[in-house]
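Structural features, examined
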Amino acid sequence: QFPYSRYASLAELRIADCKFIQANFAEAAELFRQFTKAHPTHDEAHYAAYRRGLSFYKMIPGDWIITPPPHERDQSATRDARSALTHFLESYPLSPWRERAMALYQEVEDALVQHEIYVAKFYLRHDDRRAAAARLEGIQNNFTKSKLVPDALFLQAITFLEINEIKDARRVFNEIITQYPDHYQSPRAKDYLKYLEQHGKGENRGQDG
């Protein structure tokens with residue numbers, strides 16, 4: 001009834017908050033999106049953008065005993081959360097919600113990398129090592145904040161060894177060593193490179209020691 005009042009936009013935002021509190025996260029996410037689109041310069045636009053990412057985060061499947069682990073299920077909400085949080089972090093670098101958003105973003109990236117590892121292991125169980133290696137390619141470029149990237153790289157390097165792609169295995173082992181020197185996978189990668197040097201680069205090493 002009072003569209004030109006400064007309280008009208010705040011009412012829109014509070015309605016979105018109410019939907020969030022009621023756990024209607026999909027509807028809340030859409031209302032937060034509409035707010036930032038309609039009021040991009042509003043003082044609370046950064047808050048709405050953050051809450052949109054949080055809404056998607058709340059939609060990520062939980063870890064229930066009677067259901068498969070979250071990384072084995074549909075990742076649509078996880079990807080939406082990552083996209084929304086990326087938009088927030090890029091658009092509002094000075095927001096007081098930035099630190100919380102960064103923590104959520106890393107958690108979301110960990111979940112997505114865990115899913116990629118799960119899919120790769122599915123291919124390995126079905127003896128499709130090339131598909132597994134391809135699935136893990138580029139993870140370090142696409143998920144820069146995840147602490148699980150070195151684990152994915154190590155699995156990829158071992159998979160390359162199993163299909164006798166020694167050059168690619170060396171490349172990935174070296175990426176682990178140079179980019180993640182303090183990670184526990186780094187000394188393991190060094191051991192494998194040392195083994196390859198001692199036994200000739202053409203020899204396939206298919207077991208994870």
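What you see is a predicted model; the values in this text were computed from it and never measured.

When its secondary structure is counted, the protein chain shows ten helices and zero strands. Intrachain contacts of the protein chain at a sequence separation of at least 6 include 55% that bridge at least 24 residues.

Right, let's get into the nonpolar core. Of all hydrophobic cores here, the largest spans 58 residues; its most connected members are Leu161 and Phe173. Residue contacts for phenylalanine 173: discarding those within four places in its chain leaves Phe154, Ala157, Ile158, Leu161, Ala189, Tyr192 and Leu193.

Attention shifts here to the packing of aromatic side chains. Here the structure, examined in full by the defined rule, presents nine aromatic pairs. Judged by centre distance (5.9 Å) and plane angle (35 degrees), the ring pair of phenylalanine 88 and tyrosine 92 falls under tilted. In this structure, phenylalanine 88 and tyrosine 92 share a single accessibility class: buried. The interplanar angle of 65 degrees and the centroid separation of 6.1 Å between the aromatic rings of phenylalanine 122 and tyrosine 123 together place this pair among those described as edge-to-face. When its relative accessible area of 36% is taken as the criterion, phenylalanine 122 is described as partly exposed. Through a chain of ring-to-ring contacts, the aromatic side chains of Tyr47, Tyr50, Phe88, Tyr92 and Trp97 assemble into a single cluster. The ring of phenylalanine 20 carries arginine 51 above its face, with NZ or CZ at 4.1 Å from the centroid.

The next thing to look at is unusual backbone geometry. Residues apart from glycine generally show negative phi values, whereas peptide bonds are mostly found in trans. Positive phi values are uncommon outside glycine, yet alanine 23 reaches one of about 70 degrees. Relative to the assigned elements, alanine 23 resides in the loop between helix H1 (6-21) and helix H2 (25-38). Since its relative accessible area comes to 43%, alanine 23 is described here as partly exposed.

For the rest of this paragraph, the subject is the packing of helix H5 (residues 98-125) against helix H6 (residues 129-136). H6 packs onto H5 with a crossing angle of 170 degrees between their chain directions and a minimal axis gap of 7 Å. One finds that H5 runs roughly antiparallel with respect to H6. Contact residues: His115, Glu116, Ile117, Val119, Ala120, Tyr123 and Leu124 in H5; Arg129, Ala131, Ala132, Arg135 and Leu136 in H6. When the residues that make up the contact of H5 with H6 are grouped by side-chain class, the tally is eight nonpolar, one polar and three charged.

A few words on the environment of glutamate 107. You can see glutamate 107 is positioned in helix H5. By relative accessible area, which is 42% here, glutamate 107 ends up partly exposed. Sequence spacing of glutamate 107 and threonine 78 is 29 residues, and the spatial spacing of their C-alpha atoms is 9.7 Å.

Before going further, it helps to spend a moment on the side chain of histidine 183. Topologically, histidine 183 is positioned in the loop between helix H9 (166-179) and helix H10 (185-199). Those residues in contact with histidine 183 that lie beyond four places of it in its chain are Lys147, Pro150 and Asp151.

On to the confidence of the model for the protein chain, then. Across the protein chain, the average pLDDT comes to 89, with 89% of residues at 70 or higher. Between residues 203-209, whose pLDDT stays under 50, and residues either more than four places distant or in other chains, the model counts 21 contacts.

Once that is clear, we can look at the packing of H2 against helix H3 (residues 45-58). The geometry of H2 relative to H3 is characterised by a closest axis approach of 8 Å and an angle of 155 degrees between their N-to-C directions. Between H2 and H3, the crossing angle belongs to the class labelled roughly antiparallel. Crossing handedness for the pair H2 and H3: left-handed. On H3, the residues that touch Phe25, Ala28, Ala29, Phe32, Arg33, Phe35 and Thr36 of H2 are Ala45, Ala48, Ala49, Arg51, Arg52, Ser55, Phe56 and Lys58. Residue composition of the contact of H2 with H3, by class: nine nonpolar, two polar and four charged.

We now examine helix H4 (residues 76-91). With 16 residues, H4 should reach 22 Å at 1.5 Å per residue; the first-to-last C-alpha distance of 22 Å fits that figure. In the core, the buried residues of H4 are packed alongside H3 and H5.

Let's shift gears to the side chain of serine 95. Take serine 95: it is sitting in the loop between H4 and H5. Ignoring sequence-local partners within four residues, the contact set of serine 95 consists of His46 and Phe88.

What counts and what doesn't
Residues numbered from 1 in each chain as written. Predicted model: local features only at pLDDT ≥ 70, side-chain atom pairs only at ≥ 80, totals over all residues. Heavy atoms only, no water. Helix = DSSP H or I, 4+ residues; strand = E, 2+ residues; numbered from the N terminus. Contact = heavy atoms within 4.5 Å. Core = buried A, V, L, I, M, F, W, Y, C linked by side-chain atoms within 4.5 Å. Buried < 20%, exposed > 50% of the residue type's maximum accessible area, 1.4 Å probe, protein only. Phe/Tyr/Trp six-rings, centres within 6.5 Å; stacked < 30°, edge-to-face > 60°. Lys NZ or Arg CZ within 6 Å of the ring centre and 35° of its normal. Axes fitted to C-alpha atoms, helices over the stretch in contact; angles between N-to-C directions. Parallel < 35°, antiparallel > 145°, perpendicular 65-115°, else oblique. Nonpolar A, V, L, I, M, F, W, Y, C, P; charged D, E, K, R; others polar. pLDDT = per-residue confidence, 0-100. Left-handed = near helix turned anticlockwise from the far one by under 90°. Expected span 1.5 Å × (residues − 1).

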